[in-house]
Amino acid sequence: MHFLIRSVIVSALLFAACLLSNRSFAQIPKSQEASADTLNPMQSLVSFATKHLHIPYRSGGSSKRGFDCSGFVRYCFNQWNITLPHSSAAQAEHGEAVELDDAKPGDLIFFKGNSTKSKRIGHVGIITEVAPGYVKFIHSAWKGGIRYDLLNAAYYSKRFVAIKRMIE
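Residues numbered from 1 in each chain as written. Predicted model: local features only at pLDDT ≥ 70, side-chain atom pairs only at ≥ 80, totals over all residues. Heavy atoms only, no water.

### Side note on the pairing of strand E5 (residues 121–131)
Short version of the rule: One requirement defines pairing of two strands: DSSP has to find at least two bridges between them. Helix and strand definitions here come from DSSP, where helices need a minimum of 4 consecutive H or I residues and strands a minimum of 2 consecutive E residues; each element is numbered from the N-terminal end.
With five bridges connecting them, strand E4 (residues 108–112) and E5 associate as antiparallel partners. Paired with isoleucine 109 across the strands is glycine 125, a residue of E5. Where E5 lies against strand E6 (residues 134–141), five bridges are found, and the strand directions are antiparallel. The residue of E6 that forms the bridge with valine 130 is valine 135. Hairpin geometry of E5 and E6 is characterised by an intervening segment of two residues between the two adjacent antiparallel strands and by a positive phi of about 75 degrees at glycine 133.

Written out as structure tokens, the structure is:
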């Protein structure tokens, strides 16, 4: 009986620790949101992207009915009359390369696809926050649709390829 109680308690603590350590679904506090007319183009782009949180993932999707990663990025940038192709690998051919330490909100962040051994870009997101050792981005993930994730998460840090700036 004591073993069962200990097992339940340990399981609950592990579950709570996992929830607290996984901040991939963090929301932007309301105080950081501002009206679009007071923001620079990159802030406006990030603000626009965050309004689409939780829209489902849809393979090949490029509308509010569902987005894939590159479709979501293309849709957001199209609002500022910047036309990008509907492929993360093709999007990576555009813009100016930026070092990780110089990344800013609004920059695109590119990753390898499912395999860490692949050299091919297979995923893209829009950077929303940057601090030393911290990069948060919004993207359309197969699990979860439009959501936030962190570059320092094991899955993404192993697949990180490049950052590109589309708007100066």
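### Digging into the layout of surface pockets
Note the threshold: Cavity: a set of points on a 1 Å grid over the protein atoms alone where a 1.4 Å probe fits but cannot get out. Pocket: an open set with protein on both sides within 12 Å along at least five of seven lines, its lining residues, like those of a cavity, having an atom within 4 Å of a point. Grid points are joined across faces, edges and corners, and a volume is the space filled by probe spheres set on the points. Three categories are distinguished: nonpolar for Ala, Val, Leu, Ile, Met, Phe, Trp, Tyr, Cys and Pro, charged for Asp, Glu, Lys and Arg, and polar for the others, with Gly belonging to the last.
Taken as a whole, the largest pocket holds about 370 Å³ of empty space. In terms of lining residues, the largest pocket is bounded by 16 residues, among which Asn114, Ala141, Trp142, Tyr155 and Tyr156 are the most central. Among the elements of the structure, E4, E5 and helix H5 (154–157) are those that each provide at least two residues to the lining of the largest pocket. The class makeup of the residues in the lining of the largest pocket is eight nonpolar, four polar and four charged.

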